[in-house]
Amino acid sequence: MSSALKRMLLVNMACMGGSTFFIFLNAYLLTHDLQEYHVGLCEGGFWIISVILQPWLGPQLDKRGRMVFLRWGLLLLIAASLGYAFVPPHVQYIFPLRVLQGAGFALYLTSAWAWVSDHAPPEKMHAIFGYFGLAALGGSLIGPVAASLLRGPEAPYNDRYVFLAAACLFSVALLLVLTLRDAVRDVVQESGEGSSLWTLARRPNLRGPLVGSLSFGLAVGSLFAFAAAYLQSIGVGSVPALFVVLTLVAAAGRAFCGQLSARFGASLLVFPCLLSLALGAGGLGALQWAEHPSTAMVLAIGAAAGVGYGLVYPLLNALAYERLEANERGRGVSLVAACIDAGNATGAALAGAMAHKYGEGDMFLAMGILVALTAILSKVSDRPDPGSE
């Protein structure tokens, strides 16, 4: 692996570590008199801005390269983190900050995956995608634990320290990014415009991955928006335990992503991994019937969700890599990201509305069913190119 790729792994670890510092953001907002539907609105704003950006971002990545968008994404993440630390926790301030944060995250993550696809040798593509995802999970493992320590064991929590620490991690990532360069410029100049984003979206060989991306977003949007606050509300003692186990299992999956893809094929693995996410969401909903939810139950749910969380994202990007030409991959990664973010926005907003009306337990049960149904749709609609797997 080249030194540039190793530095990008460190960038991803720092950026995802900073992002998971916000695992308690919604719990912080709910303790300051925001309602569940306010939180769902803010979560929806975080993801919907990516859906709006992606049709523009994909062609720009192929025309202008990846690095400029990586840098802008990290700058926006730093600005949003500082905003949370200093503005009052009211919806009129939090919503635009979530939109700003969502824009930064979309710019960073989409351009980062595109950059890695440019630098990954074809014969090592699955393994490097797995390592890149593994670096993200390394940061994600540190984030919830560090955030829990910084905010303190009991109310009033020191959430502003958490937001400042996140800004510091994003700044470290930005400094590392400044040492990297694009490798795509010559390819872009020779390739021209190519197929539009919507032309790519209509291709039969991308139909399954795009529906799978939507299903993945639905699961992740509801899980990360409400799981921490829900577990606190039903008396689970160690909320970070769910996310630590989820991250460890996901990390194991990403470490072996290359070997699993080589043996079974990426498209074959997506469906069972989506079902594991559905099982995790349903398991969270079932905790409402446990008088005293045990740590073992929480850990089992985190492990089930971790299988899907760890493998689905790199598998979807690998499918886009395999099924598109080199000059289309920036748009392909952007298209996958747009569908994931559309699912995240829908999942967060829908989960917020259902949690407000029916309670968070029933909401997680409903989301588990919805994720399972969309996973089935992804499987039956997949049309891989002959010989592409």
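About the criteria used
- Residues numbered from 1 in each chain as written.
- Predicted model: local features only at pLDDT ≥ 70, side-chain atom pairs only at ≥ 80, totals over all residues.
- Heavy atoms only, no water.
- Helix = DSSP H or I, 4+ residues; strand = E, 2+ residues; numbered from the N terminus.
- Rg over C-alpha atoms; globule rule 2.2 N^0.38 Å.
- Buried < 20%, exposed > 50% of the residue type's maximum accessible area, 1.4 Å probe, protein only.
- Contact = heavy atoms within 4.5 Å.
- Areas by Shrake-Rupley, 256 points an atom, 1.4 Å probe, with all protein chains shown as cover.
- Expected span 1.5 Å × (residues − 1).
- Bend = angle between axes of the 7 residues up to and from the residue.
- Salt bridge = Lys/Arg side-chain N within 4 Å of Asp/Glu carboxyl O.
- Core = buried A, V, L, I, M, F, W, Y, C linked by side-chain atoms within 4.5 Å.
- Axes fitted to C-alpha atoms, helices over the stretch in contact; angles between N-to-C directions.
- Parallel < 35°, antiparallel > 145°, perpendicular 65-115°, else oblique.
- Left-handed = near helix turned anticlockwise from the far one by under 90°.
- Nonpolar A, V, L, I, M, F, W, Y, C, P; charged D, E, K, R; others polar.
- Phe/Tyr/Trp six-rings, centres within 6.5 Å; stacked < 30°, edge-to-face > 60°.
- Polar contact = N/O pair within 3.5 Å; in protein donor to acceptor, adjacent residues only side chain to side chain.
- pLDDT = per-residue confidence, 0-100.

Participant: Would you mind going over the overall build of the chain with me for this structure?
Facilitator: Counting its secondary structure elements, the chain contains 16 helices and zero strands. Its C-alpha atoms give the chain a radius of gyration of 19 Å, within 12% of the compact-globule value 21 Å for 389 residues. In terms of its C-alpha atoms, the chain occupies a principal-axis envelope of roughly 60 × 40 × 35 Å. With 389 residues in all, the chain has 58% of them scored as buried. Restricting to contacts in the chain with at least 6 residues of sequence separation, those with at least 24 account for 86%. Of the accessible surface of the chain, which amounts to about 15,000 Å², a share of 66% is contributed by carbon and sulfur atoms.

Participant: So what exactly am I meant to see when it comes to helix α3 (residues 36–64) here?
Facilitator: Residues three or four positions apart in an α-helix share a direction because the helix packs 3.6 residues into each turn. Counted at 1.5 Å a residue, the expected span for α3 with its 29 residues is 42 Å, and the 40 Å between its end C-alpha atoms agrees. Residue Q54 marks the point of greatest curvature in α3, where the axis turns by about 45°; the proline P55 follows within four residues. Positioned one or two residues after α3, G65 has a phi angle of 90°, which is positive.

Participant: Looking at this model, I keep getting lost on the pattern of salt bridges. Mind explaining?
Facilitator: Two side chains with opposite charge may pair up if their charged atoms get near one another. Taken as a whole and assessed by the stated rule, the structure comprises one salt bridge. Linking D118 and R66 is a salt bridge whose minimum nitrogen-to-oxygen distance equals 2.7 Å. Residue D118 is found in helix α5 (residues 91–119), and its partner R66 is found in the loop between α3 and α4 (67–86); the two are separated by 52 residues along the sequence. Overall, the relative accessible area of 25% leaves D118 in the partly exposed class. A relative accessible area of 0% places R66 in the buried class.

Participant: Explain the nonpolar core here, please?
Facilitator: Y108, F216 and L284 are the most contacted members of the largest nonpolar core, which totals 114 residues. Setting aside residues up to four positions removed in sequence, F216 forms contacts with L274, L277, G308, Y309, V312, Y313 and I340. Core analysis: the next-biggest nonpolar cluster, separate from the first, contains ten residues, L53, L57, L61 and A106 among them.

Participant: How do you make sense of the packing of helix α13 (residues 266–286) against helix α14 (residues 295–323) when you look at a structure like this?
Facilitator: For the pair α13 and α14, interaxial distance at closest approach is 7 Å and the crossing angle is 150°. As the angle between them shows, α13 and α14 are arranged roughly antiparallel. Handedness of the α13/α14 crossing: left-handed. When α13 is examined against α14, the residues A266, S267, L269, V270, C273, L274, S276, L277, L279, G280, G283 and L284 are found in contact with a partner set consisting of I301, A304, A305, V307, G308, Y309, L311, V312, L315, L316, L319 and R323. Within the contact of α13 with α14, the residues separate by chemical class into 18 nonpolar, five polar and one charged.

Participant: Help me out: how do you make sense of the packing of aromatic side chains in this one?
Facilitator: In this description, a pair of aromatic rings is defined by centroid distance and the angle of the planes. According to the stated counting rule, one finds eleven aromatic pairs in the structure shown. With a centroid separation of 5.6 Å and 10° between ring planes, the pair formed by F22 and F163 is classed as stacked. Highlighted residues: F22 in the loop between α1 (3–20) and α2 (25–30) and F163 in helix α7 (residues 159–177), separated in sequence by 141 residues. In this structure, F22 and F163 share a single accessibility class: buried.

Participant: Just to check I follow, could you spell out the environment of Y309 for this structure?
Facilitator: Examined against the element boundaries, Y309 turns out to sit in helix α14. Residues Y309 and G253 lie 56 residues apart in sequence; the distance between their C-alpha atoms is 8.9 Å. Not counting chain neighbours up to four residues away, the residues in contact with Y309 comprise L137, F216, V220, F224, L246, A250, R254 and L277.

Participant: Teacher, can you tell me more about the packing of α5 against helix α15 (residues 329–358) here?
Facilitator: Each pair of packed helices gets described by two things: the angle between the helix axes and the distance between those axes. It is the contact of α5 with α15, at a shortest axis distance of 9 Å, that shows an interaxial angle of 140°. As judged from the angle between their axes, α5 and α15 are oblique. The handedness of the crossing between α5 and α15 comes out as right-handed. Where α5 abuts α15, its residues T110, W113 and A114 lie against G330, V333, S334 and A337.

Participant: I'm lost on α14 in this one. Help?
Facilitator: The end-to-end C-alpha distance of α14 is 42 Å, a good match for the 42 Å that 29 residues give at a rise of 1.5 Å each. Taking the largest bend as the criterion, α14 deviates by roughly 30°, centred on V312, and proline P314 comes between one and four positions later. For α14, a buried count of 21 out of 29 residues is recorded, marking the element as mostly surrounded by other parts of the structure.

Participant: Explanation requested: the side chain of S111 in the structure shown.
Facilitator: Its place among the elements puts S111 in helix α5. Relative accessible area serves as the criterion here: at 0%, S111 is assigned to the buried category. Side-chain polar atoms of S111 contact the backbone oxygen of L107, separated by 2.4 Å. If sequence neighbours within four positions are ignored, S111 has contacts with L61, R66, F69 and L70.

Participant: Help me understand the confidence of the model for the chain, please; the structure alone is not making it clear to me.
Facilitator: Low pLDDT means the predicted coordinates in that region are not meant to be read closely. Here the chain averages 82 in pLDDT, while 93% of its residues score no lower than 70. Across residues 184–193, where pLDDT falls below 50, the model places 13 contacts with residues more than four positions away in sequence or in other chains.

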